[in-house]
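Listed below are the residues making up each chain.
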Amino acid sequence: MSAPTLSPRPTTTGPVDERLLPVPHRVVDVRRDTADTMTIGLEPIHGMPPPFEPGQVDMLYAFGTGEVPISISSSTQVADRREYTIRRVGAVTTALTNVERGDRIGVRGPFGVPWPVEAARGGDVVVIAGGIGLAPLRAAILHVLEHRQAYGQLSLLYGARTAGDILYREELETWRSRLDVDIDVTIDAAGSGWHGNVGVVTRLVPRARFDEQRATALLCGPEVMMRYGAQALLDRGIAPERIFVSAERNMLCGIGTCGHCQLGPYFLCHDGPVLSWDRVGPYMSVREL
Amino acid sequence: MTTELTRHPFFAGLREEEINRLAPCELGVSYDPDTLIFETGGEADCCYLINRGNVALEVVAPAGPPLVVETIDDGGLLGWSWLIPPHRWQFDARAVSHVEATRIGAECLRAAMAHDPSLAAEVTRRLAEVIARRLHHTRLQLLDLYGQRS
Ligand SMILES: Cc1cc2nc3c(=O)[nH]c(=O)nc-3n(C[C@H](O)[C@H](O)[C@H](O)COP(=O)(O)OP(=O)(O)OC[C@H]3O[C@@H](n4cnc5c(N)ncnc54)[C@H](O)[C@@H]3O)c2cc1C
Ligand code: FES
């Protein structure tokens with residue numbers, strides 16, 4: 001990747017137009033998660049990154065190729081750097097997954113409404129993730145683990161296509177070895193070497209351990225999965241106001257002005273991406289929105 | 001009467017006389033990990049209520065290891081081919097972990113159902129529920145949910 005010649009600028013959140021300017025960052029870490037997914041660590045070349053909350057996104061600019069929204073997947077407690085888990089699907093994500101340590105990337109953000117981790121305090125948290133959808137939830141899971149006493153049961157239900165597509169394998173093993181987290185992983189197709197569940201993630205909901213009356217559910221994954229996941233949670237008796245999904249539409253400005261990310265009445269960069277099911281559910285089931 | 005049947009969700013809430021009718025059909029069984037419980041094409045002469053562990057339903061793939069299409073966990077029901085002619089297993093079932101189950105003999109179960117139409121209706125309704133749920137999950141699996149972000 002060629003080095004850009006952007007002048008440094010303060011990295012604190014400034015007036016709205018400031019937020020349209022990418023801040024140059026350096027790639028400090030590159031880890032391969034699966035065949036098509038990488039986690040990269042970025043640090044600003046000057047100063048510290050602004051604080052963020054779990055579930056917020058940054059716009060990552062691969063110089064010369066383009067800019068895309070990517071959720072911050074690292075812990076909010078790490079002040080000097082951020083991690084992003086990126087799945088290669090097109091031109092920009094291919095450029096972002098081809099970076100090496102020392103390469104430069106432009107970053108704008110953070111944008112969007114975070115997961116309601118503060119409002120969820122005192123109750124159980126059930127996290128349902130599908131595929132790359134675990135990445136936007138990682139910061140929320142880390143937050144709950146870092147403040148474990150403040151929450152009840154933590155259940156993570158994770159579905160992936162195959163065993164090779166499971167993200168954060170080592171971390172999942174570490175979390176699973178704790179006595180205060182329930183982790184249930186399922187895949188769609190397996191060879192006989194796999195000793196876990198096979199089937200869709202929604203079928204894990206009926207047996208997950210949480211109290212429907214005091215649980216908050218966080219869902220992220222493909223929209224079809226979120227729809228059926230939300231239905232399974234409603235069937236268990238969780239109120240729609242306590243089910244939160246990360247509703248994603250492609251973003252351009254990230255600051256609520258271009259309308260690119262519109263879903264029904266919402267601009268998802270501004271009103272979302274995290275929205276409760278009672279608000280967004282009706283729009284996620286409508287054709288061609 | 002407390003038999004293993006009353007503890008399993010599939011038969012939970014049945015009336016005592018219905019459970020009594022089914023009790024002679026049950027047999028406690030256990031399997032070590034990797035044991036083949038039944039094989040495709042074999043006679044489906046029973047079903048299993050899984051009380052502990054999980055079972056993989058497998059399809060033999062040409063020139064490769066078998067593919068797991070679904071796993072059935074504790075609280076699940078394994079096998080409904082006993083109900084539908086020609087009463088042959090459609091998949092291989094292999095114990096993934098140590099499995100404890102209640103085996104219900106098909107002939108005995110069919111006889112109990114023939115004797116008691118309301119029991120027959122209830123068992124068939126519950127079985128239809130299980131089948132409908134599995135069909136729903138299979139359809140979702142076919143959608144390849146995680147292939148795309150949306
Ligand atoms: C709020 C938000 C958070 C996101 N977080 C992450 C993340 O943490 N990690 C990650 O890998 N990706 C994330 N994405 C998706 C990522 O932004 C897109 O994959 C990226 O914009 C694709 O750009 P591209 O140039 O590589 O591919 P393009 O050439 O733009 O698209 C390639 C293919 O991917 C499809 N596609 C593009 N964007 C999306 C999308 N958002 N949803 C579904 N399909 C899409 C296109 O329709 C096309 O078929 C997020 C998106 C949003 C809106
Ligand atoms: S991305 Fe421009 S309004 Fe949301």
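Residues numbered from 1 in each chain as written. Chains lettered and ligands numbered in written order. Predicted model: local features only at pLDDT ≥ 70, side-chain atom pairs only at ≥ 80, totals over all residues. Heavy atoms only, no water.

K.L.:
So what's going on with the domain arrangement of chain A? Residues and values would help.
P.N.:
All names here are of chain A. For chain A, the domain assignment lists domain 1 (18-111) and domain 2 (124-284). Computed over C-alpha atoms, the centres of domain 1 and domain 2 are 21 Å apart. Domain 1 puts 27 residues into the contact, and the matching count from domain 2 is 22 residues. A salt bridge links R138 to E83, with the shortest nitrogen-to-oxygen separation between them at 2.9 Å. Linking domain 1 to domain 2 there are six residue pairs in polar contact (both at pLDDT 80 or more). Those elements giving two or more residues to the side of domain 1 that touches domain 2 turn out to be β1 (23-34), β2 (37-44), β3 (57-62), β4 (66-71), β5 (82-87) and β6 (104-111). Taken together, the residues that form the side of domain 1 that touches domain 2 break down as nine nonpolar, eleven polar and seven charged. (Domains from an automatic or database assignment. Contact = heavy atoms within 4.5 Å. Salt bridge = Lys/Arg side-chain N within 4 Å of Asp/Glu carboxyl O. Polar contact = N/O pair within 3.5 Å; in protein donor to acceptor, adjacent residues only side chain to side chain. Helix = DSSP H or I, 4+ residues; strand = E, 2+ residues; numbered from the N terminus. Nonpolar A, V, L, I, M, F, W, Y, C, P; charged D, E, K, R; others polar.)

K.L.:
Explain the site of ligand 1 to me, and be specific about the residues and the numbers.
P.N.:
What surrounds ligand 1 is a group of 20 residues, the closest being P69(A), T85(A), R87(A), V92(A) and T93(A). Near ligand 1, the surrounding residues belong to chains A and B. Within the backbone of T85(A), an N or O atom sits 2.8 Å from a nitrogen atom of ligand 1. Note that an oxygen atom of ligand 1 is positioned 3.2 Å from one of the backbone N or O atoms of G90(A). When ligand 1 is considered free in solution it has 870 Å² of accessible area, and contact with the protein chains removes 77% of it. Among the elements of the structure, β4, β5 and α1 (91-97) of chain A are those that each provide at least two residues to the shell around ligand 1. The element best represented in the shell around ligand 1 is β4(A), accounting for four residues. The residues that make up the shell around ligand 1 include at least three from each of domain 1 (18-111) and domain 2 (124-284) of chain A. (Near = heavy atom within 4 Å. Areas by Shrake-Rupley, 256 points an atom, 1.4 Å probe, with all protein chains shown as cover.)

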